[in-house]
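The primary structure of each chain is shown beneath.
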Amino acid sequence: MASHFEIELEKLKNVIIKIGNLAENQLIEAVKALLSEPMAEKKEVKKNEEKIDKLDVKIDEICQTIFALQQPVASDLRFIMASMQISNEIERIGDLAMSVIKNSKNIKDKHDLIVKFNVAELAKQVEEITIKMNQCFLDRSETTIGEIFVLNNSIKKGTDDTIHNLMNEMKSNSKAVVSGMNLVMVLKHLERVSEHCTNIAEHVHFMIKAKIIKHEKFDDKQ
C-alpha cells in the first residue's frame, strides 16, 4: 500500500502533467490564431489560462506540504525542487501564448507577411518544442532533452533572421510598420516560449542526473 508521501509525490507529478498539457494546448491555439486557422472559443482559451494559474498555485502548495510533513531523500528532493521551477516556467508559457493571441489580432495583411517570411515554419517549431517539453518530463529522456536544446537553437536563429528581414521590410514599406511591429512582438513571445521549454529541459536533467547543465554548454559540447 502506497504511503502518504508516495501519494503526494504522485499527485505532484500528475498536476505537473496536467498543467503542461494545458500550456501545450494554449500554445497550439496561439499558433492557430497567428496562422488564421480555426481555434477554440475565446471563453475556453480564457478558462484554460485560469486553470493554469490555479494549478501553478496548487503545485506550490503540494510542495510546501511535502517539505513541512516529510523528509524527502535526495532524489525525491530534486524532483520536488524541479517541479516548483517547472511549474513557474509552464505558467509563463501560458501567459506568452495569450500574448501571442492578442498581438495576432493586430496584424493586418497577416497572410502576406507570414508567407513572405516563412513564419509558419517557425511557429510550428515552437509548437514542436512545447510538445517535447512535456515529453521530456514524462519520459525523463536525455535524448529528448538534447533535441530540445538543438531545436531551441534553431528557433533562436530563425527568430533573429525573421525579425531582421521584417525590420528591412518596414524600412522600405511604411504600410507594413504596424503589422510588422506586432509580428515582431509575436516572434519574441514565441522565442521566449522556446526558452522556457529549454529551461524546463534543464530542470528535468537536474532531476534525473543531479547535475545542472545549461543549454549553452550543451551546445558547446555538440
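A quick note: this is a predicted structure, and the numbers were derived from the prediction, not measured.

All right, on to the overall build of the protein then. From N to C terminus, the protein includes eight helices and zero strands. Rg of the C-alpha trace for the protein: 19 Å, near the compact-globule value of 17 Å for 222 residues, within the 12% margin. When its C-alpha atoms are laid out on the principal axes, the protein stretches across 65 × 45 × 20 Å. Looking at the protein residue by residue over its 222 residues, the buried ones come to 50%. Within the protein, contacts between residues at least 6 apart in sequence are counted, and of these 80% link residues at least 24 apart. Carbon and sulfur atoms make up 52% of the accessible area of the protein, which amounts to about 11500 Å² in all.

Our next topic: the state of the cysteines. Counting across every chain of the model gives zero disulfides. In this model Cys 63 remains outside any disulfide bridge; the closest cysteine sulfur is found in Cys 136, 17 Å from its own. For Cys 63, a relative accessible area of 0% gives the class buried. Of all cysteine sulfurs in the structure, the one in Cys 136 sits closest to Cys 197, which takes part in no disulfide; the separation is 8.8 Å.

What follows is about a positive patch on the surface. Judged by side-chain charge, Lys 18, Lys 47, Lys 51 and Lys 58 come together as a positively charged surface patch. Sorting elements by how many residues they give to the positive patch places helix H2 (residues 42-69) first, with three residues.

Our focus in this paragraph is unusual backbone geometry. In this structure, Ser 36 is a non-glycine residue whose phi angle is positive, near 60°. With respect to the element layout, Ser 36 can be found in the loop between helix H1 (4-34) and H2. A relative accessible area of 55% places Ser 36 in the exposed class. We note that Ala 210 has phi near 55°; this positive angle belongs to a residue other than glycine. Note on placement: Ala 210 falls in the loop between helix H7 (177-209) and helix H8 (215-221).

The subject of this paragraph is a nonpolar patch on the surface. A cluster of nonpolar side chains, contributed by Met 167, Val 177 and Met 181, occupies part of the molecular surface with about 220 Å² of accessible area. Relative to the helices and strands, Val 177 is located in helix H7. Among the residues examined, Val 177 registers a relative accessible area of 33% and is labelled partly exposed.

Considering the arrangement of structural elements, one finds Leu 138 in helix H5 (residues 119-139). Its relative accessible area of 47% is what places Leu 138 among the partly exposed residues. Considered as a pair, Leu 138 and Ile 7 are 131 residues apart in the sequence and their alpha carbons are 17 Å apart.

All right, on to the packing of helix H6 (residues 142-172) against H7 then. Contact geometry of H6 with H7 gives a least axis separation of 9 Å together with a crossing angle of 165°. On the basis of the axis angle, H6 is roughly antiparallel to H7. Where H6 crosses over H7, the two elements pack in a sense that is left-handed.

On to the UniProt feature "domain: PhoU" (unreviewed entry) in the protein, then. Mapped onto this numbering, the UniProt entry gives "domain: PhoU" (unreviewed entry) at residues 16-102 and 120-204. For residues 16-102, the helix share is 87%, the strand share is 0%, and the end-to-end C-alpha distance is 26 Å. Taken as a whole, residues 120-204 contains 93% helix and 0% strand, while its terminal C-alpha atoms sit 29 Å from one another.

Turning our attention to the side chain of His 196. Along the chain, the position of His 196 falls in helix H7. Side-chain polar atoms of His 196 contact the side chain of Glu 89, separated by 2.5 Å. In this structure His 196 touches Glu 89, Arg 92, Ile 93 and Leu 96, once residues within four positions along its chain are discounted.

To continue, consider the pattern of salt bridges. Applying the stated criterion across every chain, the model contains twelve salt bridges. Note that Glu 29 is salt-bridged to Lys 32, the shortest N-O span being 3.5 Å. Here Lys 32 and Glu 29 lie together in helix H1, a separation of three residues that amounts to about one turn. The buried category is assigned to Glu 29, whose relative accessible area is 12%. Relative accessible area serves as the criterion here: at 25%, Lys 32 is assigned to the partly exposed category.

Calculation notes
- Residues numbered from 1 in each chain as written.
- Predicted model: local features only at pLDDT ≥ 70, side-chain atom pairs only at ≥ 80, totals over all residues.
- Heavy atoms only, no water.
- Helix = DSSP H or I, 4+ residues; strand = E, 2+ residues; numbered from the N terminus.
- Rg over C-alpha atoms; globule rule 2.2 N^0.38 Å.
- Buried < 20%, exposed > 50% of the residue type's maximum accessible area, 1.4 Å probe, protein only.
- Contact = heavy atoms within 4.5 Å.
- Areas by Shrake-Rupley, 256 points an atom, 1.4 Å probe, with all protein chains shown as cover.
- Disulfide = S-S within 2.5 Å.
- Patch = residues over 30% accessible without salt bridge, like charges linked within 9 Å, V, L, I, M, F, W, Y side chains within 5 Å.
- Salt bridge = Lys/Arg side-chain N within 4 Å of Asp/Glu carboxyl O.
- Lys, Arg positive; Asp, Glu negative; His and termini not counted.
- Charge placed at Lys NZ, Arg CZ, Asp CG, Glu CD.
- Axes fitted to C-alpha atoms, helices over the stretch in contact; angles between N-to-C directions.
- Parallel < 35°, antiparallel > 145°, perpendicular 65-115°, else oblique.
- Left-handed = near helix turned anticlockwise from the far one by under 90°.
- UniProt positions renumbered as here; feature names shortened; annotations may be inferred.
- Polar contact = N/O pair within 3.5 Å; in protein donor to acceptor, adjacent residues only side chain to side chain.

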